[in-house]
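# Working through the structure, step by step
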Amino acid sequence: MVYMPALPIHELVPLMAQVSRGDQQAFAQLYDATSRKVFGIVLHVLRDHAQAEEVTQEVYVEVWRLARRYDSTQGSVTAWLNTMAHRRAIDRVRSAERRTQRERRHFEFQTDDRSPDPSELVVANDEGRRVRDALAQLSEGQRTAVELAYFQGKTQREVAEVLQVPLGTVKTRIRDGMQRLRKQLGEAAS
Amino acid sequence: MSMSDSHSNAYAYVVGVLSPAEAHDFERHLVECGQCAEELVDARTVASALSSTVATAPPARLRTSVLDVISRTAQEQLAPASAARPALLSAVATTAKSSPSADSNVVPMRRSWSSRGSSLLVAAAVIAALAFGGWALQATQEAREARQVAEAAALDAREARQDAEAAAKQQDKLTNLLSANDVRAVSGRSPVGDLTGTVVMSEQRRTAVLVASELPELPEGRVYEAWTMKGEDPTPAGIFAPDGSDAVVELTDETFDADSVAVTQEPAGGSEQPTTDPIFTVLLPQR
């Protein structure tokens, strides 16, 4: 697979406008520019390739259908896509969890050992590196809370149990951690 | 659960740790808390950055499959311009044009053209149009549409509810604005073309909206941005990119301290400072 650099973020807004007018070519461009991130987060939360493909497809079909709802005052196009992708992945994990908890744990164990293929390494992009650096600077409590919640789809109660902290502390840690991330990313970008 | 419990839950909401009940409360809270709405945008941006640490190329077959499915999928036409809106806009445009005070006050924009046309005629027509044919009806319709879409297509129910609530809230706000004792409307018109802009505002209700019609079509990658001007000092008052040539935009609170409202064309995402000349300016009544 040929790696194409993602379009600069500001170019996605006009692309999105074309998509909302039914432009399928623009949609293909949008897909190429964003699918690594969308697929990546969905895969990371679900830890199952087949399900991740299914959910990613659902997300993009929704993006196509609801393209008109994108509002650039509410954030970037990638943030919009990411919100949908993450939410769907979390919903899927939670409903799957209710059904077959044991099975999923087994899956998790297996897929965790999966070594990345070369194309994924190429994708270890600048943004990813910057964010990882910023993550490393959080306190351990903050980082673990963010990771358990965002990447593993753990509930507030589950995060509290792992961290051995009161329920309310989970929200505070996540908020503090993410605000710090935001600040560091903002500084690194400027 | 009270509203204050929801406040500052934006990050927890985005990462997904809120219970369904808490998430619902937060969404309701969001409709009336600008601070949380802003924080939500930030939280989504950080979350999106987090996702870049796990970016993974999907298999090529997924692209093929996605493109195939969308080629057979209809897009939702959540038309922002419902049948009700043109009636409102033409009423505004006509009165703005036919009102002598509006016309005589319009001078070319580089010589700070604008209108001081606090014409009662304009105000009455705008208010009548808004109240009976206009925005309120449209808001209801949007709310209804949002609900229908939720039921029919089983799309993300949370989003639809937000839309419906936002539309219903917009309607309340307008009803509130139009029922104020001190509601007034001022218009300005561009020297070229039929472009008109009207600001409807009530100090009592701290609400102001801008109604623009016959806006030139935006080039790709551009948006309109409204500004509240204090003397020569512009403050961003919101960006908008109407589907057609007409727009109704809620203005910021700053409107009440401003001398005028201007609209410029800006790059997508808007600017901190205007980068082009205003396409029109509306002088606000003096306080």
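In this report, we go over the structure that sits alongside the text. Note that the structure is a prediction, hence the values are computed from the model and not measured.

### So, helix H4 (residues 34–51) of chain B
- In this model H4(B) runs 26 Å from its N-terminal to its C-terminal C-alpha over 18 residues, within 8% of the 26 Å that 1.5 Å per residue would give.
- Taken together, the buried positions of H4(B) are occupied by Cys36(B), Glu39(B), Leu40(B), Val41(B), Ala43(B), Arg44(B), Val46(B), Ala47(B), Ser48(B), Ala49(B), Leu50(B) and Ser51(B).

### Comments concerning the sheet that holds strand E7 (residues 260–267) of chain B
Residues and elements named next belong to chain B.
- A sheet is described by the order of its strands in space; here four strands give the open sequence E5-E4-E7-E8, paired in antiparallel fashion. At either end of the open sheet lies a strand with only one pairing partner, and these are strand E5 (233–240) and strand E8 (280–283). Within this sheet the neighbouring strands show an average axis-to-axis angle of 30°, counted without direction.
- Looking at chain direction, E7 and E8 are connected through four bridges and run antiparallel. Among the inter-strand pairings, Ala262 is bridged to a residue of E8, identified as Thr281.

### Here we look at the packing of helix H2 (residues 24–46) of chain A against helix H5 (residues 60–71) of chain B
- As a packed pair, H2(A) and H5(B) sit with axes 11 Å apart at the nearest point and diverge in direction by 135°. Classified by the angle between their axes, H2(A) and H5(B) sit oblique to one another. In the crossing of H2(A) with H5(B), the sense of the turn from one axis to the other is right-handed. Packed against H2(A), whose contacting residues are Gln24(A), Phe27(A), Ala28(A), Tyr31(A), Asp32(A) and Phe39(A), the element H5(B) presents Leu62(B), Arg63(B), Val66(B), Leu67(B), Ile70(B) and Ser71(B) at the interface.
- For the contact of H2(A) with H5(B), the class distribution of residues is eight nonpolar, two polar and two charged.

### Here we look at the interface of chain B and chain A
- Taken together, the 60 residues of chain B in the interface contact 72 residues of chain A.
- Summing the contributions of chain B and of chain A, the shared interface buries around 6,000 Å²; its carbon and sulfur component is 58%.
- Together, Leu50(B), Thr56(B) and Gln75(B) form the three largest contributors to the area buried by chain B at its contact with chain A, with a combined 11%.
- For the pair chain B and chain A, the interface holds seven salt bridges.
- In this structure, Lys171(A) and Glu22(B) form a salt bridge, with 3.2 Å as the shortest nitrogen-oxygen distance.
- Linking chain B with chain A are 25 residue pairs in polar contact (both at pLDDT 80 or more).
- Contributions of two or more residues to the side of chain B that touches chain A are made by helix H2 (10–15), H4, H5, helix H9 (135–153) and helix H10 (157–178) of chain B.
- Ranked by the residues each element gives to the side of chain B that touches chain A, the list is headed by H4(B), at twelve residues.
- Among the residues making up the side of chain B that touches chain A, the classes are represented as 32 nonpolar, 15 polar and 13 charged.

### Quick word on helix H7 (residues 126–136) of chain A
Residues and elements named next belong to chain A.
- Of all the positions in H7, only Gly128, Val131, Ala134 and Leu135 are classed as buried. Within H7, the buried residues cover an arc of 125° as seen down the axis, which keeps them to one side. Exposed side of H7, more than 90 degrees from the buried face: Asp126 and Ala136 are the residues found there.

The rules we used
- Residues numbered from 1 in each chain as written.
- Chains lettered and ligands numbered in written order.
- Predicted model: local features only at pLDDT ≥ 70, side-chain atom pairs only at ≥ 80, totals over all residues.
- Heavy atoms only, no water.
- Helix = DSSP H or I, 4+ residues; strand = E, 2+ residues; numbered from the N terminus.
- Expected span 1.5 Å × (residues − 1).
- Buried < 20%, exposed > 50% of the residue type's maximum accessible area, 1.4 Å probe, protein only.
- Pairing = 2+ DSSP bridges.
- Axes fitted to C-alpha atoms, helices over the stretch in contact; angles between N-to-C directions.
- Parallel < 35°, antiparallel > 145°, perpendicular 65-115°, else oblique.
- Left-handed = near helix turned anticlockwise from the far one by under 90°.
- Contact = heavy atoms within 4.5 Å.
- Nonpolar A, V, L, I, M, F, W, Y, C, P; charged D, E, K, R; others polar.
- Buried area = accessible area lost by both parts, 1.4 Å probe.
- Salt bridge = Lys/Arg side-chain N within 4 Å of Asp/Glu carboxyl O.
- Polar contact = N/O pair within 3.5 Å; in protein donor to acceptor, adjacent residues only side chain to side chain.
- Arc of directions from axis to C-beta.

Bear in mind that shape data such as this cannot, by itself, settle questions of function.
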